[in-house]
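# Secondary and tertiary structure notes
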Amino acid sequence: MRPVTLAASAAALGAIAAPAAAADLTVSVEVPRLSVAAYHRPYVSVWIEQAPATPGAAGTAVRTLAVWYEVSNVAEGKDWLKDMRSWWRAMGRGMTLPADGVSSATKAPGRHNVVIRGAQLRNLPAGNYQIAVEAARELGGREVVRVPFRWGGPNSGRATGRTELGAVSVTVSR
């Protein structure tokens, strides 16, 4: 039997911790094209929650990844953020917006990706989480879609909204 050196132990420990530290998180959000008389682009928020005991339920908010709203008129745009009630209560009212790297303009119908590099999530412990995506639209509805994922190694998940959101997918890759 070979003796285990400190260098070998450190290398092995680094290999165990590496998947979470080196992983990237990609959230794909589909904004559906709706046939309505007065269409307004939805406000959308994307955030990480700790996995709750009951699947699909709200978990403890960890970090906001993206908020799409009317950033061209900051004062007016911020007034309507509270329509995304779940995100607003969990994290939004405590944030200073616009937030660098988080805030951006509303998106047209189609598929949009939010990519978070592993270095930005280096303090996120390995474990079970869920991505929450909430959309609210003027003269429209409001909807939250949650997708479970595991931080700490490659995996993916997917869910589909019914009204204000289409397919939402989460991919953790190396």
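For the structure, see preceding data.
The written sequence of each chain sets the order in which its residues are numbered from 1. Thresholds applied to this predicted model are a pLDDT of at least 70 for local features of residues and 80 or more for the giving and counting of side-chain atom pairs; totals over whole chains, interfaces and linings are not thresholded and use all residues. Just so you know, side-chain values use all the structure's heavy atoms and leave hydrogens and water out.

Taken in spatial order, the five strands make up an open sheet running E4-E3-E2-E6-E7, and their pairing is mixed. Two strands close off the open sheet at either side, each with one partner strand: strand E4 (103-104) and strand E7 (142-151). Two strands pair if DSSP finds at least two bridges between them. Helical segments are the DSSP runs of H or I of at least four residues, strand segments are the runs of E of at least two, and each set is numbered from the N terminus. Inspection of the sheet shows strand E2 (residues 43-50) paired to strand E3 (residues 61-68) by six bridges, in the antiparallel sense. Across the sheet, Glu-49 pairs through a bridge with Ala-61, a residue of E3.

What follows concerns the pairing of strand E9 (residues 167-173). Counting buried positions over the seven residues of E9 gives five, a clear majority of the element. Where strand E1 (residues 24-31) meets E9, six bridges bridge the pair, whose relative direction is antiparallel. Considered in E9, the bridge of Asp-24 is made with Ser-173. Any residue under 20% of the maximum accessible area for its type is buried, any over 50% is exposed, and the rest in between are partly exposed; the area is computed with a 1.4 Å probe on protein chains only.

With that settled, consider the environment of Pro-42. Among the structural elements, Pro-42 can be located in the loop between E1 and E2. The sequence separation of Pro-42 and Trp-68 amounts to 26 residues, and the corresponding C-alpha distance is 8.1 Å. Contact partners of Pro-42, with chain neighbours within four places excluded, come to Val-31, Trp-68, Thr-106, Lys-107, Ala-135, Ala-136 and Arg-137. By definition in these notes, contact holds between two residues if any of their heavy atoms fall within 4.5 Å.

This part is about the sheet that holds E9. One open sheet holds the four strands; their spatial order is E5-E1-E9-E8, and the pairing between them is antiparallel. Of all the strands in the sheet, just strand E5 (110-116) and strand E8 (155-160) have a single pairing partner and so form its edges. In this sheet, adjacent strand axes meet at a mean angle of 10° when their direction is disregarded. Axes here refer to lines fitted to C-alpha atoms; in helices the fit is confined to the stretch in contact. Angles between the N-to-C directions go from 0 to 180 degrees.

Negative phi is the rule for most residues except glycine; trans is the rule for most peptide bonds. Going from Leu-97 to Pro-98, the amide bond is cis rather than trans, its omega being 0°. One non-glycine residue, Leu-139, lies in the positive phi region at around 60°. Checked against the element boundaries, Leu-139 lands in the loop between strand E6 (127-136) and E7.

For E6 and E7, the ladder comprises ten bridges, and the chain directions are antiparallel. Bridging from a neighbouring strand, Gly-127 pairs with Trp-151 of E7.

Turning our eyes to something else, we now look at the packing of aromatic side chains. Within 6.5 Å between ring centres, the rings of Phe, Tyr and Trp (the latter by its six-membered ring) count as paired, and their orientation is classed by plane angle as stacked under 30 degrees, edge-to-face over 60, tilted in between. Tallied over the full model, the rule gives three aromatic pairs. For the ring pair Tyr-129 and Phe-149, a centre distance of 6.0 Å and an interplane angle of 25° mean the geometry is stacked. Within this pair, whereas Tyr-129 is found in strand E6, its partner Phe-149 is found in strand E7, the two being separated by 20 residues in sequence. Residue Phe-149 is classed as buried on the basis of its relative accessible area of 4%.

Remember, this is a structural readout, not a statement about activity or role.
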